[in-house]
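Given next are the chains, with one letter for each unit.
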Amino acid sequence: MAIIERPPSTEVATPATPSSSLGALKRPVSTTGWKSWVFTVDHKKLGIMYSATALFFFIVGGLEAVLIRLQLAAPNGKVLNADLYNQMFTMHATTMVFLFVMPMAAGLANYFIPLQIGARDVAFPRINAFGFWAFLFGGIFINLSWFMGGAADGGWFMYAPNSGPVFSPSHGIDFWTLGLQITGIASLTGAVNLITTVLNMRAPGMKLMRMPIFTWMQLVVQFLLLFAVPVITVALFLLSFQRNFGATFFDVASGADPLLWQHLFWIFGHPEVYILILPSFGVISEVLPVFSRKPLFGYPFVVFSGAAIGFVGWGVWAHHMFASGLGPVSVAVFSVATMAIAVPTGVKVVNWTMTLWGGKLEFTVAMKFAIGLIVLFTIGGLSGVTHSVAPSDTQQTDTYYIVAHFHYVLFGGAIFGLFSGFYYWWPKVFGKLLNEKLGTWNFWLMVIGMNMTFGPMHILGLQGQPRRMYVWTEQRAGEGFFNLGFWNTFASIGSLILTVGVLLFLINIVITARNGKIAPLDPWNARSLEWMTSNPPKEHNFDSIPTVSHLDEFFHRKYQEDANGQMVQVKTAEQVLKELEDNADAHIHMPSPSYWPIIIALGLPVIAFGMIYSIPISIVGGVIVLFGVYGWAIEPSTAPDDDFDPPTTTKDVVHVG
Amino acid sequence: MTTETHSSTEHGMSNAGYVKIALILAAITALEVATYYVDFGPLFMPALMIMMVVKFVVVVSYFMHLKFDNKLFTWVFYAGLFLALGVYAVALATFHFFS
Amino acid sequence: MRRMLTVGVGLSTSLVLAGCATNAPQDTFQPKGPNAQMIDDLQKPVFAVAGIIGVIVTVAVLYAIYKFRDRGQPIPEQTHGKPALEITLTIIPALILTVVGVFTFRTVFDLAKTSDTEMIINVTGQQWWWEYDYPVQNEYGITQPIITSGQLVIPVGTKVMLRQTSRDVIHSYWIPALNGKRDAVPGRVHLNRIEADEPGIYAGQCTEFCGLSHANMRMEAVALSKADFAKWVAGQLKPYTPPAENTLAKEGEAVFVNQCARCHQVNGMKRADGTAIIAAPDESVVSGAAPNLSHLMSRNTFAGAMFDLLNTSCRKDVWDADSESFGAKYLQGVSEDCLNQSDLRGWLRNAPEMKPMYVNPELLSSTGGKYRGMPYLGLTESDIEKLVAYLLTLK
Amino acid sequence: MWFTLAEHAVITAGEHDTGHGDHHTSTGLSNNKLGMWLFLGSECLLFGGLISTYMLYRGRVGEGPRPSQVFDIPFTSVSSFVLLMSSLTMVLAVSAAHKGDDRNTNLWVTITALLGATFVGGQVYEFTAFYNEGMGFTTSLFSSSFYVLTGFHGVHVTVGIIMLMSIVGIMKRSKTPGSKAETVEMIGLYWHFVDVVWIIIFTLIYLVPA
Ligand code: HEA
Ligand code: HEA
Ligand code: CUA
Ligand SMILES: [Cu+2]
């Protein structure tokens with residue numbers, strides 16, 4: 001596993017195995033079977049694990065959404081009671097935001113950033129593994145509450161004092177708070193890791209302004225995470241101390257100000273929404289050029305507008321608090337600041353459209369989702385601009401009009417982008433092409449379903465239906481056939497179509513795994529570095545690290561201008577890859593698997609569990625963590641050369657990680 | 001960002017230099033504590049803030065080598081610092097903390 | 001791609017359909033007072049601008065995918081962008097937004113104006129109903145504080161300042177026809193100004209998630225002509241008249257004193273020994289309050305405006321009245337014939353079953369045994385019969 | 001608390017072994033060092049949030065004592081001074097480590113840990129004194145936010161002490177002298193950061209009157 005000998009040989013070399021024990025345990029050595037996954041530090045395996053887990057949580061969050069829609073399909077719904085409904089929308093949002101979109105983006109980042117910048121792994125492979133396990137255990141921990149007396153029921157922004165122990169006596173919010181703390185650790189370690197990777201691990205010649213846009217947008221996202229996660233960490237700690245140790249941070253009777261929570265939450269929360277969307281912006285900025293057969297229009301503008309969004313995104317959080325009673329000065333300032341964000345985002349929309357313009361468009365499923373994003377996200381973005389007008393927002397806030405806004409940007413934006421990425425990168429990861437025909441159905445059902453579900457919510461909201469209502473009544477639904485009742489039912493039907501659409505994707509995965517088409521080396525005639533590897537990539541990604549001299553390096557290796565200024569193909573993908581193979585590094589030293597990441601991560605939910613039920617359990621968890629940390633600290637991340645059986649020579653060793 | 005400077009090992013300061021800096025820091029601390037006993041009038045707050053910032057910057061620049069190290073580190077750290085200052089100051093301002 | 005067009009067309013048709021629909025009571029596009037009007041004047045052009053931009057982007061994308069689809073053309077020129085175009089298309093949105101920003105700024109401050117207030121009402125939110133407290137204002141004949149709940153009664157054409165707060169969690173006060181929302185936050189007082197142009201009932205809803213029955217926390221603003229308002233005030237200030245001896249209502253009063261008076265205040269009610277009966281809801285309810293029932297039958301709704309006190313036909317009569325006759329109809333209050341018996345009896349029989357509230361004794365450990373909402377009291381049917389008779393006397 | 005604990009352990013004790021000097025990176029900078037600085041940037045937002053919470057609530061004392069009634073400025077000045085001096089000994093340790101002088105490194109690291117322990121000891125003493133004066137964790141908003149802020153800082157110092165002690169042990173076991181220089185430097189960065197946070201806390205919380 002750890003050392004790869006002579007990669008060019010067609011046979012996969014049997015990896016040498018570390019023999020001695022440096023930590024408290026012998027190093028794990030399996031290269032197959034479950035152990036090869038559980039103890040892996042390979043960014044690609046971790047990427048797959050992140051994504052697979054996220055997909056699972058998507059289904060969970062989606063089922064919760066469908067229950068919400070069934071409850072609201074008719075007046076005075078009886079599917080859920082008030083208590084369950086409140087848990088349902090809280091957990092739906094939590095699951096979708098923290099356990100689906102964020103980790104899915106982290107999965108793609110993990111898998112593709114090293115490939116896109118020409119690296120063999122991330123900067124800190126073991127931290128990477130730890131991050132995944134922390135996310136997984138955190139996610140399971142939050143959802144455990146369903147079986148331990150009820151899940152969190154305060155809404156995803158968990159406003160105090162409604163989230164305090166008096167008003168939410170079940171343990172749901174305790175699980176929520178501590179679970180998010182754990183997934184927060186995962187995000188933070190991930191951010192440190194990926195930023196370091198992008199800044200430090202680029203292939204020779206891969207200047208910042210030659211980096212693929214996906215990597216760029218992820219870089220911005222990781223910076224947002226780096227600085228936003230600690231803010232919610234503070235908020236969650238204050239809430240935990242109030243709920244579990246009797247502090248009074250949000251208890252008005254003791255003189256607290258409930259607006260403190262709102263500020264802390266949204267200082268995190270607004271950057272968070274860009275954390276959710278920018279990865280998808282990155283994906284479609286890769287996909288659109290490939291299937292337009294021309295470079296991304298205005299690459300530097302897209303880069304800088306991404307950075308600008310990340311930056312301005314810090315100055316607008318109070319637009320979620322226009323009705324909170326901030327006073328007119330704050331409201332006016334934040335209102336105008338919020339409008340400013342539409343400008344860099346508009347730059348992106350313009351550039352995508354201009355990328356299509358004059359191209360030679362091929363409508364693969366990935367491309368369809370990308371184009372879908374442009375239109376649907378713009379609808380959502382524009383309703384966002386109508387919220388940013390503070391006086392209007394006082395009519396809109398906490399109605400379904402807001403729900404419409406954020407589902408358009410999240411579903412039509414973030415999720416369409418991710419789906420575009422799935423179809424685009426599937427052959428890279430699994431070596432097989434997802435079925436395009438089924439994919440087309442998948443796409444259209446999702447487009448129709450999503451517009452049917454969330455489109456009417458604009459109407460519902462503007463006609464006065466508040467959000468977070470477990471029932472609505474005919475009395476406030478208005479007259480006529482097309483009253484709010486009609487649109488509620490319509491939206492619920494839409495959500496079922498949406499479900500079928502998503503289901504088709506799952507079916508597509510199964511069909512593809514069973515008997516999907518083996519992907520050619522370069523199925524899309526792609527442009528960036530991740531395609532300059534085999535499908536799926538070898539464990540060490542590149543036989544030799546390419547030297548980069550262009551944006552869209554791969555394209556420029558395949559195509560050159562002829563005498564008339566026409567682009568003509570000069571090499572096939574196979575030839576390009578062959579060149580890399582011919583110069584293969586003889587002896588590549590990859591980071592070795594480790595037990596410690598999962599052990600440390602396992603300690604975290606134990607500590608959290610103890611904080612809710614009994615402190616001694618926390619101490620046990622603390623001991624597990626400490627034990628793991630020590631094992632980790634004395635185990636070298638890459639097994640040294642004399643730790644192999646038989647020992648290898650150190651000559652020509654290429655270190656990674 | 002692509003400067004090939006090698007990390008901090010070779011440069012930095014002599015041990016005597018570090019001791020000197022520590023002495024300065026100690027002196028400032030003494031002054032700070034003095035404000036508690038002596039009435040500085042309207043100068044009190046600004047003086048205290050300036051001393052705090054000076055101490056902060058000195059430790060970060062010299063003990064933590066930021067002054068000698070790659071600019072990237074400075075950039076990353078101060079980005080976090082100024083972001084924190086900015087958002088929290090604005091948040092406190094909405095509570096009329098400064099007025 | 002043609003299907004994409006179909007979807008686009010479908011979408012815009014559905015939007016048009018929506019436009020000619022409903023007349024929902026909480027429609028945000030039907031201002032009935034100057035504050036809501038100010039918002040409306042601002043939002044309509046903004047919606048138009050957003051709509052136009054949306055159409056432009058959509059059409060541009062659709063045109064591009066039609067025009068530039070792969071028809072076997074050669075690989076296009078590898079252009080990397082046109083900075084001049086880019087910059088232009090950055091500046092245009094910035095300009096549009098500057099204009100919007102200027103108007104937004106102005107409206108924010110216009111709406112926040114408080115100097116010309118004509119009347120003050122204290123509004124307090126709690127799980128899951130609103131309490132209105134009219135401080136003494138002699139110019140309106142309010143010579144003693146009036147405390148009521150569920151329906152906010154205001155004179156038309158009067159700039160009313162709501163001073164909002166909450167007794168437990170955050171709620172939000174929202175009567176779309178009169179103004180946007182303003183949160184009622186415990187420990188803070190937020191100002192919210194409303195004014196109605198015409199007599200009538202304006203529906204609203206609590207719009208900050210406030211726990212179990214957030215969905216059932218509604219409210220109504222009732223605007224009366226100035227003369228009618230004076231009559232309403234006089235009615236609220238009427239002293240307590242105990243029910244006549246040997247009536248069912250009198251028996252009901254006894255039950256009430258026994259069962260209800262610990263939480264619900266009825267102003268002027270006295271014990272046999274002549275001492276006043278003062279409710280102490282703070283001993284039983286987390287928020288420390290229960291609706292004042294002194295003039296229960298002067299309002300049309302109960303329990304956070306979740307239920308009507310009027311039966312269907314009488315309700316229709318009031319709601320559909322034109323603005324001339326509305327006041328008189330409203331001031332009639334609830335007579336025995338018009339009473340919505342089933343809901344009121346249901347409420348007395350088992351309130352938590354009618355409206356989800358936190359009253360399960362097993363889950364009250366964190367509240368020191370206090371209820372959140374009105375508990376199940378285990379009344380007999382005959383007690384209920386008596387209570388209804390009694391409540392009907394509370395005009 | 002475990003949050004910060006795990007965090008530091010992972011990042012600081014963690015990946016050092018991969019970063020032996022001869023590594024190629026695009027910026028020529030060490031991964032560990034960059035990672036550490038990123039982490040410290042992130043910590044600014046954490047402490048910023050805690051400090052702001054304290055600032056907002058410092059005057060809300062309810063029935064409990066006011067800040068000026070409990071703070072013992074001379075005492076805290078001394079412990080602040082101790083922590084400040086531990087930064088000096090830390091930087092001397094780093095300097096020795098870079099010279100490959102394991103003996104002196106060990107010495108200075110140990111002294112640093114001792115100074116740190118003195119500071120934490122002082123804090124424990126201070127907390128006890130406050131508690132005896134009627135300022136429990138849940139007494140008032142002021143007390144809760146004070147304890148959370150200084151407690152978080154104290155946990156950071158404690159984690160630093162643990163790392164310092166561990167590195168002494170690890171260096172003793174190591175066969176190649178000077179091989180842990182980067183780890184020492186990394187712990188040093190962390191340690192100094194914890195010191196600068198205290199510089200701010202000492203001024204804003206103790207010296208500025210509420
Ligand atoms: C992916 C996530 C995402 C994204 C990208 C956005 C993007 C934006 N959001 Fe949204 N938002 C959410 C997720 C997101 N939002 C969520 C989840 C909530 C609710 C949280 C909750 O309450 O539960 C929310 C709520 C929310 C509110 C609070 C509403 C309320 O509760 O009252 C506001 C208010 O200003 C707002 C504004 C905006 C704006 C101005 C943008 C802008 O960034 C949009 C910019 C894009 C465009 C404008 C379109 C393209 C531009 C052009 C074509 C150029 C020309 C345009 C103009 C000149 C106008 N959002
Ligand atoms: C990324 C974020 C995201 C995503 C993707 C979604 C997706 C969906 N959301 Fe959600 N939503 C939020 C984020 C998101 N939402 C947030 C932040 C809130 C605010 C919560 C709050 O107020 O606190 C919210 C609130 C919210 C509400 C308002 C609740 C209320 O205010 O009372 C509604 C109501 O309709 C809703 C509906 C839906 C629907 C129908 C989907 C659909 O798109 C879901 C589609 C997916 C599926 C349907 C899964 C499909 C797969 C299967 C079902 C497979 C079945 C498989 C087997 C049987 C093997 N959402
Ligand atoms: Cu009160 Cu919602
Ligand atoms: Cu936002």
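Residues numbered from 1 in each chain as written. Chains lettered and ligands numbered in written order. Predicted model: local features only at pLDDT ≥ 70, side-chain atom pairs only at ≥ 80, totals over all residues. Heavy atoms only, no water.

The full set close to ligand 1 counts 32 residues, and W156(A), Y274(A), D393(A), T397(A) and H405(A) are the nearest of them. More than one chain approaches ligand 1, the contributing ones being chains A and C. Taking W156(A), its side chain carries an N or O atom lying 2.7 Å from an oxygen atom of ligand 1. H405(A) places a polar side-chain atom, nitrogen or oxygen, 2.9 Å from a nitrogen atom of ligand 1. Taken together, the elements giving at least two residues each to the shell around ligand 1 come down to helix 7 (259-292), helix 9 (328-356), helix 10 (365-388) and helix 12 (400-430) of chain A together with helix 2 (34-67) of chain C. Tallying contributions element by element places helix 10 of chain A first for the shell around ligand 1, with seven residues. (Near = heavy atom within 4 Å. Polar contact = N/O pair within 3.5 Å; in protein donor to acceptor, adjacent residues only side chain to side chain. Helix = DSSP H or I, 4+ residues; strand = E, 2+ residues; numbered from the N terminus.)

We now examine the interface of chain B and chain D. Contacts between chain B and chain D engage 45 residues on the former and 45 residues on the latter. Of the roughly 4200 Å² buried at the junction of chain B and chain D (both faces included), carbon and sulfur atoms supply 79%. A per-residue breakdown of the area chain B buries against chain D is headed by M64(B), F73(B) and Y88(B), which together make up 15% of the total. One salt bridge in this structure joins D69(B) and K33(D), with 2.6 Å as the shortest N-O distance. (Contact = heavy atoms within 4.5 Å. Buried area = accessible area lost by both parts, 1.4 Å probe. Salt bridge = Lys/Arg side-chain N within 4 Å of Asp/Glu carboxyl O.)

Turning our eyes to something else, we now look at the packing of aromatic side chains. All names here are of chain A. In total, this model carries 109 aromatic pairs over all chains according to the counting rule given. Summarising the aromatic geometry, the rings of F58 and F419 are spaced 6.4 Å apart at their centres and angled 70° between planes, so their arrangement reads as edge-to-face. Highlighted residues: F58 in helix 2 (residues 43-72) and F419 in helix 12, separated in sequence by 361 residues. Taking relative accessible area as the criterion, F58 reaches 5% and is therefore assigned buried. Ring geometry for F281 against W352: centres 4.9 Å apart, planes inclined by 70°, an arrangement best described as edge-to-face. Of this pair, F281 sits in helix 7 while W352 sits in helix 9; the two residues are 71 residues apart in sequence, bridging distant segments of the chain. (Phe/Tyr/Trp six-rings, centres within 6.5 Å; stacked < 30°, edge-to-face > 60°. Buried < 20%, exposed > 50% of the residue type's maximum accessible area, 1.4 Å probe, protein only.)

Structurally, H214(C) is set in the loop between strand 9 (200-205) and strand 10 (218-224). Among all residues touching H214(C), those that are not within four sequence positions of it are R467(A), R468(A), W128(C), Q205(C), C206(C), T207(C), E208(C) and F209(C).

Residue and element names in this part refer to chain A. Coordination sphere of the iron atom of ligand 2, protein contribution only: H92 (NE2) and H407 (NE2), at 2.0 Å. Seen from the iron atom of ligand 2, its six donor atoms lie at angles of 85 to 179°, and the figure they make is octahedral. In this pair, H92 is assigned in helix 3 (residues 82-117) and H407 in helix 12, connecting sequence segments 315 residues apart. (Donors = N, O, S within 2.8 Å, 3.2 Å for Na, K, Ca; no water. Tetrahedral: all angles 85-135°; square planar, octahedral: opposite > 155°, others 65-115°.)

Let us now look at the interface of chain A and chain C. On the chain C side, the residues contacting the 109 residues of chain A number 105 residues. Together chain A and chain C conceal approximately 8900 Å² of surface at their shared face, both sides included; 68% is due to carbon and sulfur atoms. The largest share of the area that chain A buries against chain C comes from K360(A), Q395(A) and R476(A), three residues that together contribute 10% of it. The salt bridge partner of E220(C) is R476(A), with a shortest N-O separation of 3.1 Å. Inspection of the region where chain A meets chain C yields 27 residue pairs in polar contact (both at pLDDT 80 or more). Of all the elements in the fold, those that place two or more residues in the side of chain A that touches chain C are helix 3, helix 7, helix 8 (299-312), helix 9, helix 10, helix 11 (390-396), helix 13 (436-462) and helix 14 (484-515) of chain A.

Looking now at the pairing of strand 4 (residues 151-155) of chain C. All names here are of chain C. Across the five residues of strand 4, five count as buried, placing the element largely inside the fold. Burial of the side chains of strand 4 extends over both faces: Q151, V153 and P155 are buried on one face and L152 and I154 on the other. Note: strand 4 against strand 10, five bridges, orientation parallel. Bridge pairing in strand 10 places P155 opposite L224. (Pairing = 2+ DSSP bridges.)

Attention now goes to the pattern of salt bridges. Applying the stated criterion across every chain yields a total of 30 salt bridges over all chains. Here K250(C) makes a salt bridge to E253(C), at a shortest N to O gap of 2.8 Å. Linking K250(C) with E253(C), this pair stays in helix 5 (residues 248-260), spanning three residues, or about one helical turn. Judged by its relative accessible area of 21%, K250(C) is partly exposed. Salt bridges linked by common partners bring K538(A), D543(A) and E581(A) together as one network.

Okay, the pairing of strand 10 of chain C next. Residues and elements named next belong to chain C. Among the seven residues of strand 10, seven are classified as buried, and the element is accordingly described as predominantly covered. Where burial is concerned, the two faces of strand 10 agree: the one with R218, E220, V222 and L224 and the one with M219, A221 and A223 are both buried. The sheet contact formed by strand 9 and strand 10 spans six bridges and is antiparallel. Across the sheet, the residue bridging to Y202 is A221, located in strand 10.

Residues and elements named next belong to chain C. Inspection of the entire model under this criterion finds 13 cavities of 30 Å³ or more. Each pocket or cavity is described by its volume, and for the largest cavity that value is around 530 Å³. Every element with two or more residues in the lining of the largest cavity is listed here: helix 5, strand 11 (301-302), helix 8 (341-354) and helix 9 (381-391). In this structure, the second largest cavity encloses a volume near 350 Å³. (1 Å grid on protein atoms, 1.4 Å probe; cavity = no way out; pocket = protein on both sides within 12 Å on 5 of 7 lines; lining within 4 Å. Points joined across faces, edges and corners; volume = space filled by probe spheres on them.)

In this section: the site of ligand 2. All names here are of chain A. Around ligand 2 sit 35 residues, and of these Y85, H92, W156, H407 and R468 come closest. A distance of 2.5 Å separates an oxygen atom of ligand 2 from a polar side-chain atom of Y85. Here R467 contributes a side-chain N or O atom positioned 2.9 Å from an oxygen atom of ligand 2. Looking at the shell around ligand 2, the elements that each hand over two or more residues are helix 2, helix 3, helix 12, helix 13 and helix 14. Among the elements that make up the shell around ligand 2, the one with the highest residue count is helix 2 (eight residues).

Moving on to the packing of helix 3 of chain A against helix 12 of chain A. All names here are of chain A. Two elements in contact, helix 3 and helix 12, have axes separated by 11 Å at closest approach and are oriented at 35°. As for how helix 3 packs across helix 12, the hand of that crossing is left-handed. Here helix 3 contributes Y85, H92, F100, V101, M104, L108, Y111, F112 and Q116 to the contact with helix 12, which in turn contributes Y400, H407, A414, I415, L418, F422, W425, K428 and V429. Of the residues contributing to the contact of helix 3 with helix 12, the split by class is 14 nonpolar, three polar and one charged. (Axes fitted to C-alpha atoms, helices over the stretch in contact; angles between N-to-C directions. Left-handed = near helix turned anticlockwise from the far one by under 90°. Nonpolar A, V, L, I, M, F, W, Y, C, P; charged D, E, K, R; others polar.)

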